[in-house]
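Survey of secondary and tertiary structure
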Amino acid sequence: MTTLYLVRHGETVDNANQIMQGQTQGELNANGIHQAEQVREEWREKPLDVVIASDLKRSVDTATIIAEPHHLEVQTTPLLRERDWGDFTGRFIPDLKGETWPDNVETLENLLSRAGEFITYVKETYPGKKVLAVGHGIINKAIQAVYYGKSMSEVQRMMNAEVRVLEL
């Protein structure tokens, strides 16, 4: 059985400012670096075989901090990228209430399909391994929705640098 430790990246400048990041690179703020360091310390003695991250900077930076005591190189995959928010990207989140969604927002069907692909990828590529994967709030929610066979609304939101365990 493969164990997946699903992590949300540390807090970013845009998280703190309520900006819709989507698939922009993002930059950890001081709190986000501290959050990643806390996870690193909590996981320092726990066995890990692989560390994977979204290919977006905020996730790679979080994963690199966590992986350091394990001497593991961070693998990246676009399957773990955050939902593409299209024209909502870069906007102040409270201003989006009630707005019509642009046509270029990644569909829920595509997001859930990508989440399923990620689960399959981990199971097939790292069978029997302990895999720590750093993703983003919405894709991590989609991964859990697929894993548990639930709707996205039934999955509790992950906080920055929170870890959840899935047995694949």
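So, a few notes on the structure that sits alongside this text. The written sequence of each chain sets the order in which its residues are numbered from 1. Local features in a predicted model are, by the rule used here, given only for residues with pLDDT of at least 70; side-chain atom pairs are given and counted only at 80 or more, and totals for whole chains, interfaces and linings are based on all residues. Each side-chain value is worked out from all heavy atoms of the structure, with water and hydrogens disregarded.

So, helix H2 (residues 30-43)
What counts here: Strands here mean DSSP runs of E at least two residues long; helices mean DSSP runs of H or I at least four residues long; both are numbered from the N terminus. Between the first and last residue of a helix there are one fewer steps than residues, each counted as 1.5 Å, and that sum is the expected span. Remark: exposure states derive from per-residue accessible area (1.4 Å probe, protein chains only) relative to the maximum for the residue type, with buried under 20%, exposed over 50%, and partly exposed in between. What the arc describes is the spread of directions from the helix axis to the C-beta atoms. We call two residues in contact when some of their heavy atoms are within 4.5 Å. Under the rule applied, a polar contact is a pair of N or O atoms within 3.5 Å (in protein, one hydrogen donor and one hydrogen acceptor; residues adjacent in sequence only if both atoms are side-chain atoms).
The end-to-end C-alpha distance of H2 is 20 Å, a good match for the 20 Å that 14 residues give at a rise of 1.5 Å each. All buried positions along H2 are accounted for by Gly32, Gln35, Ala36, Val39, Arg40 and Trp43. In a view along the axis of H2, the buried residues occupy a sector of 145°, so they form one face of it. Those residues of H2 that are exposed and angled more than 90 degrees off the buried face are Ala30 and Glu42. Contacts from the buried residues of H2 go to strand E1 (3-8), helix H3 (57-67), strand E4 (130-135) and strand E5 (163-167). Between a side-chain oxygen at the N-terminus of H2 and the backbone nitrogen of Asn31 the separation is 3.1 Å; the capping residue is Asn29.

A look at the pattern of salt bridges
Spelled out, the test is: A carboxyl oxygen of Asp or Glu within 4 Å of a side-chain nitrogen of Lys or Arg is what we treat as a salt bridge.
According to the stated counting rule, one finds nine salt bridges in the structure shown. The shortest N-O distance in the salt bridge between Glu106 and Arg114 comes to 2.9 Å. Of the two residues, Glu106 and Arg114, both sit in the buried class. Linking Arg164 and Glu162 is a salt bridge whose minimum nitrogen-to-oxygen distance equals 2.8 Å. Using a relative accessible area of 15% as the deciding quantity, one classes Arg164 as buried. Residue classification places Glu162 among the partly exposed positions, given a relative accessible area of 23%. One salt-bridge network, held together by shared partners, links Arg40, Glu41, Arg44 and Glu68.

Regarding the sheet that holds strand E2 (residues 50-54)
So the rule is basically this: Strand pairing follows a simple DSSP-based rule, namely that at least 2 bridges must link the two strands. For helices, the fitted line uses only the C-alpha atoms of the stretch in contact; every axis is such a line through C-alpha atoms, and the angle between N-to-C directions lies from 0 to 180 degrees.
Across the sheet, which stays open at both edges, the five strands sit in the order E3-E2-E4-E1-E5 with mixed pairing between neighbours. Edge positions in the sheet fall to strand E3 (74-77) and E5, since each of these pairs with one other strand and no more. Each strand of the sheet is rotated relative to its neighbour by a mean of 25°, with strand direction disregarded. Where E2 meets E4, four bridges bridge the pair, whose relative direction is parallel. From the neighbouring strand, Val51 faces E4, where its bridge partner is Leu132. Those strands touched by H3 are E1, E2, E3 and E4, and its axis lies near 165° from that of E2.

None of this, on its own, says anything about what the molecule does.
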